[in-house]
Amino acid sequence: MPTAIELAEQFQVSLVGDGSLALGGLAPLERAQSTQISFLSNPLYRQQASDSAAGGLIVSKADLDFLQANPGAHSAQRVYFVSKNPYASFARMAQHFAKASAPIYAPGVHPSAAIDPSVSIPASCHIGPFVHIGPSVILGERVVLLGNTSVARNSTIASDALIYPNVSIYSETQIGERCIIHSGAVIGADGFGFAPDLSATGVEWVKIPQAGAVVIGSDVEIGASTTIDRGAMSDTVIGSGTKIDNQVQIAHNVTVGNCCVIAGCAAISGSTRIGNFCIIGGAANFAGHLTIADRTTVSGNTSIIRSITEPGQHYTGVYPSMLHSAWEKNAAILRGLDKIRQRLRLLDKSK
Amino acid sequence: MPTAIELAEQFQVSLVGDGSLALGGLAPLERAQSTQISFLSNPLYRQQASDSAAGGLIVSKADLDFLQANPGAHSAQRVYFVSKNPYASFARMAQHFAKASAPIYAPGVHPSAAIDPSVSIPASCHIGPFVHIGPSVILGERVVLLGNTSVARNSTIASDALIYPNVSIYSETQIGERCIIHSGAVIGADGFGFAPDLSATGVEWVKIPQAGAVVIGSDVEIGASTTIDRGAMSDTVIGSGTKIDNQVQIAHNVTVGNCCVIAGCAAISGSTRIGNFCIIGGAANFAGHLTIADRTTVSGNTSIIRSITEPGQHYTGVYPSMLHSAWEKNAAILRGLDKIRQRLRLLDKSK
Amino acid sequence: MPTAIELAEQFQVSLVGDGSLALGGLAPLERAQSTQISFLSNPLYRQQASDSAAGGLIVSKADLDFLQANPGAHSAQRVYFVSKNPYASFARMAQHFAKASAPIYAPGVHPSAAIDPSVSIPASCHIGPFVHIGPSVILGERVVLLGNTSVARNSTIASDALIYPNVSIYSETQIGERCIIHSGAVIGADGFGFAPDLSATGVEWVKIPQAGAVVIGSDVEIGASTTIDRGAMSDTVIGSGTKIDNQVQIAHNVTVGNCCVIAGCAAISGSTRIGNFCIIGGAANFAGHLTIADRTTVSGNTSIIRSITEPGQHYTGVYPSMLHSAWEKNAAILRGLDKIRQRLRLLDKSK
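Residues numbered from 1 in each chain as written. Chains lettered and ligands numbered in written order. Predicted model: local features only at pLDDT ≥ 70, side-chain atom pairs only at ≥ 80, totals over all residues. Heavy atoms only, no water.

- Identification of chain A as UDP-3-O-acylglucosamine N-acyltransferase from Polynucleobacter aenigmaticus is taken from an unreviewed UniProt entry.
- Under Subunit (unreviewed entry), UniProt gives the following word-for-word description of chain A: "Homotrimer."
- Looking at chain A in UniProt, the text filed under Function (unreviewed entry) is "Catalyzes the N-acylation of UDP-3-O-acylglucosamine using 3-hydroxyacyl-ACP as the acyl donor. Is involved in the biosynthesis of lipid A, a phosphorylated glycolipid that anchors the lipopolysaccharide to the outer membrane of the cell." (UniProt positions renumbered as here; feature names shortened; annotations may be inferred.)

Written out as structure tokens, the structure is:
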């Protein structure tokens, strides 16, 4: 187990307390023991932190002051790691400890993998069972493809990418360094593009070939069963550092900027451009051909149907839930909201 | 074919009519023939039941009285199975007949399966082609893994579970007895947890290791392409008897109680706790860190953003659809709803 | 490269300009070069078309007139393909050029494929690695099953169907000619049907066997991770010519008519019948047991909870998004909308 002083140095945080204390992992405030570290990033949990048996606590300077002024039963034995961003320091320390127990994907190619003869697999890669790699695919160093995954021709997966089982990567896809792609994700399927051709008897939907690709930057994480379609004539692009949750749908020719987070079940329609550092809530969705400014926040379940030009704004559009009986009344009134305004105007005039 | 009296005894329902009648299956009221059974659970369909050619009808006492008072062309030859819950009796009888024609997944391991040497597969299990089973996985008796499925290290699948093709089960997952998991489901992928670390140039999202697992009780059914994420520091838990439809997203550290039903495309954000016996409509979604009382019903497409403390209530929040032209007017008014209230207040005062 | 006159004849459009011009592909207006074709289907882009360096332009008669009256730097060298439907003509020409560079899936069965001995694979089919085909499956000519796909017993896939990797096709599924099914799609999983059986201690959800199938017409495209459930007692049906995007959920016993388009993340609940030529926006959803008239358009993110009987109407029900601070006020008012009406009525009376 590393000592407190070693951890403080490694993660560039200030240490308050006995630097020789050995600490072996992280745990939530209420479960942490004397050899474990916990963290306090929300002042709401100050009392819980004070009561915690954690041997180490990652805190802000302000929270440290509170905790020293309000000691708990375990405070005497505790060390503090003082950080400007306790949550990020916690995440980095947790990664460090997680690595120790993480599975090692030994380099090598499982004998069942079906790899096109045109592909040369670096010796540092791990290719699991039932992986299919098509012609002219290029893999970087230490790429891990776990199992039952298919990578179609001309795709590139850069170094240190980790692809979980049952992922489908269509042709010409580019995946950056250190990307993580979870099971069930589908990258590069055809965008949804059809030209209606009306006739006397109805309509035929003529498929528009989807000749673009998907280009994903570095350090992107893509959640389970998320789908990112290839572009029609140009590419669909996901910027570096962006994190995408499960069951997100990203349509053809969408551009997502750098370092965005997109929560589960969100959907972005074709050709919409999301700026950098945007935060998209779960089940939020965007119409097509919009431009969304940098640092926009969209609440969960909100539908964005117009472009957002001012950066850094927070948009919401959730219809409030209520008891079903109340909703039945309100929904009926909503349908005729224009009548309410009409009557208000008449009343205004009749005054 | 079993006789009516045999069926009545097996399914503990009262028989009215000729016990020697042989009956061989179930069918809807309008298609059932004289050797088939149908059911009536909604009085709206009484006339259709009266007209049905079904040889047997599962009914309530009240509906039996109606049907005897209003005989149809086929009533003389018909037997009635009188049940307190005709729909459940129908389901159980249908299961009985379905079993006869169900595929038999013969015990054995397909030669193409890739099974870690540390795993011992009970002789009663069926392991299909291209199944990958990682180190230290434990399977109960009669587990069926159909094909192209991946089960990662240290997972446990209890007896009589049935896993359809192309399922991804991450490490440390626990699946209870008699669970059914449909194709494309992903159990145990990393939860969506990142700590923002701001810098002068933007933000880095630091991954928080997801060290918890997914624990699923017995008799749970999980629909196609549903995703259930592993917990961050503690587990994601699905209670016994809960049924989950397709494309449902369950985030990290969620707890779902026992015997809930969650319809398609619903989404539950991180750390939310759903009580027992809840009914969640399709495409409903929940914000994170909520607590939802037992026996809550949530309508489809409803967004729940606050905890629900009173058990047994029904919540709805669907914005009503209308003709597009009417919507355009109403939506514009909605954005300024506070102005309507303002003017009302002024009018009130000016009276 | 084909000449302009050859293309005009093949695609039945009128040619204006030098018929001997050789043209080798399509590109967007702003990127097209002198040997490439672009198209103009929206008068908004007339100026861009005038400025384009494209050697060929697919246009309507009206747009041709404009472009001839407003020549650009490259107009002298340009040919025009005049079409009643430039977008559809573009789609067909693009398909033509795309075919030339499309991958050829050579006929043959990959040695790793697991095919039941009861199945005879036509010599023209391409069966990729790790494909599992169950008993009594029937394949038409030139069917392509790329990799890691599972086709269960008694299913039929008609000629020229193209199935991308990691698709799950349950038993008894029928797939028509020229269908395209993208990765992660699940066709024929059990519908979500359970009969509640109440007891003193709670409720048991008794599974209703899903004995119907999925029947898909010809020329249907199904997007990535879309799920279409099998019927309970009758079939789930998708009409010919219908195009379905990614992550769409279609529940048991739904009928979708011919030549509909259903955008990403839409969801259709059980037993709902969608007419022909309907256009369903992304993330729209339908309650169960509805009937939707032909040629209905439903906007994205709209919830339809009542049947629509008049054909050709356009319905919308998106709650407008606004700045979060404005939303907080409006949402509170919305919960008490009935009080606003109440006060209006009082004011009306008090006049």
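**Details of the overall build of chain A**
Then, number 1: Secondary structure assignment for chain A yields 6 helices and 36 strands.
Then, number 2: A globule of 351 residues ought to have a C-alpha radius of gyration of about 20 Å, yet chain A, at 26 Å, is considerably larger.
Then, number 3: Expressed as lengths along the three principal axes of its C-alpha atoms, the size of chain A is roughly 85 × 85 × 35 Å.
Then, number 4: The 351 residues of chain A split such that 58% are buried.
Then, number 5: For chain A, the proportion of contacts with a sequence separation of at least 24, taken over those separated by at least 6, is 19%. (Helix = DSSP H or I, 4+ residues; strand = E, 2+ residues; numbered from the N terminus. Rg over C-alpha atoms; globule rule 2.2 N^0.38 Å. Buried < 20%, exposed > 50% of the residue type's maximum accessible area, 1.4 Å probe, protein only. Contact = heavy atoms within 4.5 Å.)

**Considering the sheet that holds strand β22 (residues 227–229) of chain B**
All names here are of chain B.
Then, number 1: Here we have 10 strands laid out as an open sheet, ordered β6-β8-β11-β14-β17-β22-β25-β28-β31-β34, and parallel in their pairing. At either margin of the open sheet sits one strand with a lone partner, and together these are β6 (114–115) and β34 (303–304).
Then, number 2: Direction of pairing for strand β28 (residues 267–268) relative to strand β31 (residues 285–286): parallel, over a ladder of 2 bridges. In the strand pairing of β31, isoleucine 268 is matched with phenylalanine 286. (Pairing = 2+ DSSP bridges.)

**Examining the UniProt feature "active site" (unreviewed entry) in chain A**
All names here are of chain A.
Then, number 1: As annotated in UniProt, the feature "active site" (unreviewed entry) corresponds to His252 in the numbering used here.
Then, number 2: Residue placement: histidine 252 occurs in the loop between β25 (249–250) and β26 (255–256).
Then, number 3: Within the structure, histidine 252 has its side chain in polar contact with the side chain of glutamine 210 (distance 2.7 Å). (Polar contact = N/O pair within 3.5 Å; in protein donor to acceptor, adjacent residues only side chain to side chain.)

**Brief notes about the packing of aromatic side chains**
Then, number 1: Applying the stated rule across the entire model yields 21 aromatic pairs over all chains.
Then, number 2: For the ring pair phenylalanine 130 of chain A and phenylalanine 130 of chain B, a centre distance of 5.6 Å and an interplane angle of 70° mean the geometry is edge-to-face. Taken together, the residues span two chains, with phenylalanine 130 of chain A in the loop between β7 (126–127) and β8 (132–133) and phenylalanine 130 of chain B in the loop between β7 (126–127) and β8 (132–133). Each of the two residues, phenylalanine 130 of chain A as well as phenylalanine 130 of chain B, counts as buried.
Then, number 3: Ring plane angle 15° and centroid distance 4.1 Å describe the contact between phenylalanine 39 of chain C and phenylalanine 90 of chain C, whose orientation is recorded as stacked. Taken as a pair, phenylalanine 39 of chain C in strand β2 (residues 37–39) and phenylalanine 90 of chain C in helix α4 (residues 86–101) lie far apart in primary sequence, 51 residues in all. Taken as a pair, phenylalanine 39 of chain C and phenylalanine 90 of chain C share a single burial class, namely buried.
Then, number 4: Members of the aromatic cluster, connected to one another through ring pairs, are Phe39, Tyr87 and Phe90 of chain A. (Phe/Tyr/Trp six-rings, centres within 6.5 Å; stacked < 30°, edge-to-face > 60°.)

**Re the interface of chain B and chain A**
Then, number 1: In this assembly, 70 residues from chain B lie in contact with 69 residues from chain A.
Then, number 2: Of the roughly 5,600 Å² buried where chain B meets chain A, counting both sides, 61% is carbon and sulfur surface.
Then, number 3: For the pair chain B and chain A, the number of links is 4 salt bridges.
Then, number 4: In this structure, arginine 92 of chain A engages aspartate 197 of chain B in a salt bridge whose closest nitrogen and oxygen atoms are separated by 2.9 Å.
Then, number 5: A per-class count over the side of chain B that touches chain A returns 34 nonpolar, 27 polar and 9 charged.
Then, number 6: Relative to strand β35 (residues 314–316) of chain B, strand β36 (residues 322–323) of chain A is paired through 2 bridges, and the arrangement is antiparallel. For leucine 323 of chain A, the partnering residue across the bridge sits in β35 of chain B and is tyrosine 315 of chain B. (Buried area = accessible area lost by both parts, 1.4 Å probe. Salt bridge = Lys/Arg side-chain N within 4 Å of Asp/Glu carboxyl O. Nonpolar A, V, L, I, M, F, W, Y, C, P; charged D, E, K, R; others polar.)

**Brief notes about the relation of the copies chain B and chain A**
Then, number 1: For the pair chain B and chain A, the best superposition has an RMSD of 0.1 Å and corresponds to a rotation of 120° with a translation of 0.0 Å parallel to the axis. The relationship between the two copies is best expressed as a three-fold rotation axis. (Least-squares fit on C-alpha atoms with pLDDT ≥ 70 in both.)

**As for the packing of helix α6 (residues 337–350) of chain B against helix α6 (residues 337–350) of chain C**
Then, number 1: Where α6 of chain B meets α6 of chain C, the closest approach of the two axes is 11 Å, and the angle between their N-to-C directions is 35°. The way α6 of chain B lies across α6 of chain C gives a crossing that is left-handed. Residues Leu337, Ile340, Arg341, Leu344, Arg345, Leu347 and Asp348 of chain B of α6 of chain B touch α6 of chain C, and the partners they reach there are Leu337, Ile340, Arg343, Leu344 and Leu347 of chain C.
Then, number 2: Within the contact of α6 of chain B with α6 of chain C, the residues separate by chemical class into 8 nonpolar, no polar and 4 charged. (Axes fitted to C-alpha atoms, helices over the stretch in contact; angles between N-to-C directions. Left-handed = near helix turned anticlockwise from the far one by under 90°.)

**Focus on the domain arrangement of chain A**
Then, number 1: Splitting chain A by domain gives domain 1 (4–101), domain 2 (167–315) and domain 3 (324–351).
Then, number 2: Just the C-alpha atoms count here: the centres of domain 1 of chain A and domain 2 of chain A sit 38 Å apart. (Domains from an automatic or database assignment.)

**Looking at the pattern of salt bridges**
Then, number 1: Inspection of the entire model under this criterion finds 33 salt bridges over all chains.
Then, number 2: Note that arginine 178 of chain B and aspartate 219 of chain B form a salt bridge whose closest N and O atoms lie 2.7 Å from each other. Taken together, the positions of arginine 178 of chain B in the loop between β15 (174–175) and β16 (180–181) and aspartate 219 of chain B in the loop between β20 (214–216) and β21 (221–222) put the pair 41 residues apart, joining distant regions of the chain.
Then, number 3: Judged by relative accessible area, which is 27%, aspartate 219 of chain B ranks as partly exposed.
Then, number 4: Here glutamate 221 of chain B ties to lysine 207 of chain C by a salt bridge, and the two come within 2.9 Å at their closest N and O atoms. One end of the pair, glutamate 221 of chain B, is in strand β21; the other, lysine 207 of chain C, is in strand β19 (residues 202–207), on a second chain. Comparing glutamate 221 of chain B with lysine 207 of chain C, the two get one shared label, buried.
Then, number 5: Within the structure, one salt-bridge network assembled from shared partners comprises Arg92 of chain A together with Asp197 and Glu204 of chain B.

**Structural notes on the interface of chain C and chain B**
Then, number 1: Taken together, the 70 residues of chain C in the interface contact 69 residues of chain B.
Then, number 2: Summed over both partners, the interface of chain C with chain B buries about 5,600 Å², with 62% contributed by carbon and sulfur atoms.
Then, number 3: At the junction of chain C with chain B, the criterion picks out 4 salt bridges.
Then, number 4: For lysine 329 of chain C, the salt bridge goes to aspartate 338 of chain B, with nearest N and O atoms at 3.7 Å.

**A closer look at α4 of chain C**
Then, number 1: Compared with the 22 Å implied by 1.5 Å per residue over 16 residues, the 23 Å span of α4 of chain C between its first and last C-alpha is a close match.
Then, number 2: Taken residue by residue, α4 of chain C has Pro86, Ala88, Ser89, Phe90, Ala91, Met93, Ala94 and Phe97 of chain C as its buried positions.
Then, number 3: On its buried face, α4 of chain C is in contact with β18 (194–199) and β19 (202–207) of chain A together with α1 (4–10), β2, β3 (56–59) and β4 (79–82) of chain C. (Expected span 1.5 Å × (residues − 1).)

**Considering unusual backbone geometry**
Then, number 1: One non-glycine residue, asparagine 154 of chain B, adopts positive backbone phi at about 70°.
Then, number 2: For asparagine 154 of chain B, a relative accessible area of 38% gives the class partly exposed.
Then, number 3: Residue aspartate 160 of chain C is not a glycine yet carries a positive backbone phi of 65°.
Then, number 4: As for its placement among the helices and strands, aspartate 160 of chain C is situated in the loop between β12 (156–157) and β13 (162–163).

**Quick word on the pairing of β19 of chain A**
On any regular strand, side chains alternate: one points to one face of the sheet, the next to the other face.
Residue and element names in this part refer to chain A.
Then, number 1: Here β19 lies mainly inside the structure; 5 of its 6 residues are buried.
Then, number 2: In the sheet, β18 pairs with β19 via 6 bridges, with the strands oriented antiparallel. In the sheet register, alanine 195 faces β19, and the bridge partner there is valine 206.
Then, number 3: Turn length for the β18-β19 hairpin, with the two strands adjacent in sequence and antiparallel, is 2 residues.

**A word on the confidence of the model for chain A**
Then, number 1: Counting all residues, the mean pLDDT for chain A is 95, and 100% of those residues have values of 70 or more.
Then, number 2: If you check the scores for this complex, the pTM reads 0.96 and the ipTM reads 0.95. (pLDDT = per-residue confidence, 0-100.)

**As for the sheet that holds strand β22 (residues 227–229) of chain A**
Then, number 1: Reading across from one edge, β6-β8-β11-β14-β17-β22-β25-β28-β31-β34 (chain A) is the order of the 10 strands in this open sheet, with parallel pairing throughout. Looking at which strands have only one partner, the edges of the open sheet turn out to be β6 (114–115) and β34 (303–304) of chain A.

**Quick word on the pairing of strand β3 (residues 56–59) of chain B**
Residues and elements named next belong to chain B.
Then, number 1: Neither face of β3 is open: one carries Gly56 and Ile58, the other Leu57 and Val59, and all of them are buried.
Then, number 2: Pairing of strand β2 (residues 37–39) with β3, which is carried by 3 bridges, proceeds in the parallel orientation. When the bridges of β3 are listed, serine 38 appears paired with leucine 57.
Then, number 3: As for the winding sense of the linkage, the β-α-β connection from β2 through helix α2 (residues 46–51) to β3 is right-handed.
Then, number 4: Pairing geometry for β3 and strand β4 (residues 79–82), over 4 bridges, is parallel. The residue of β4 that forms the bridge with isoleucine 58 is phenylalanine 81.
Then, number 5: Running through helix α3 (residues 61–69), the crossover from β3 to the neighbouring parallel element β4 is right-handed. (Right-handed = clockwise from strand over helix to strand, strands pointing away.)

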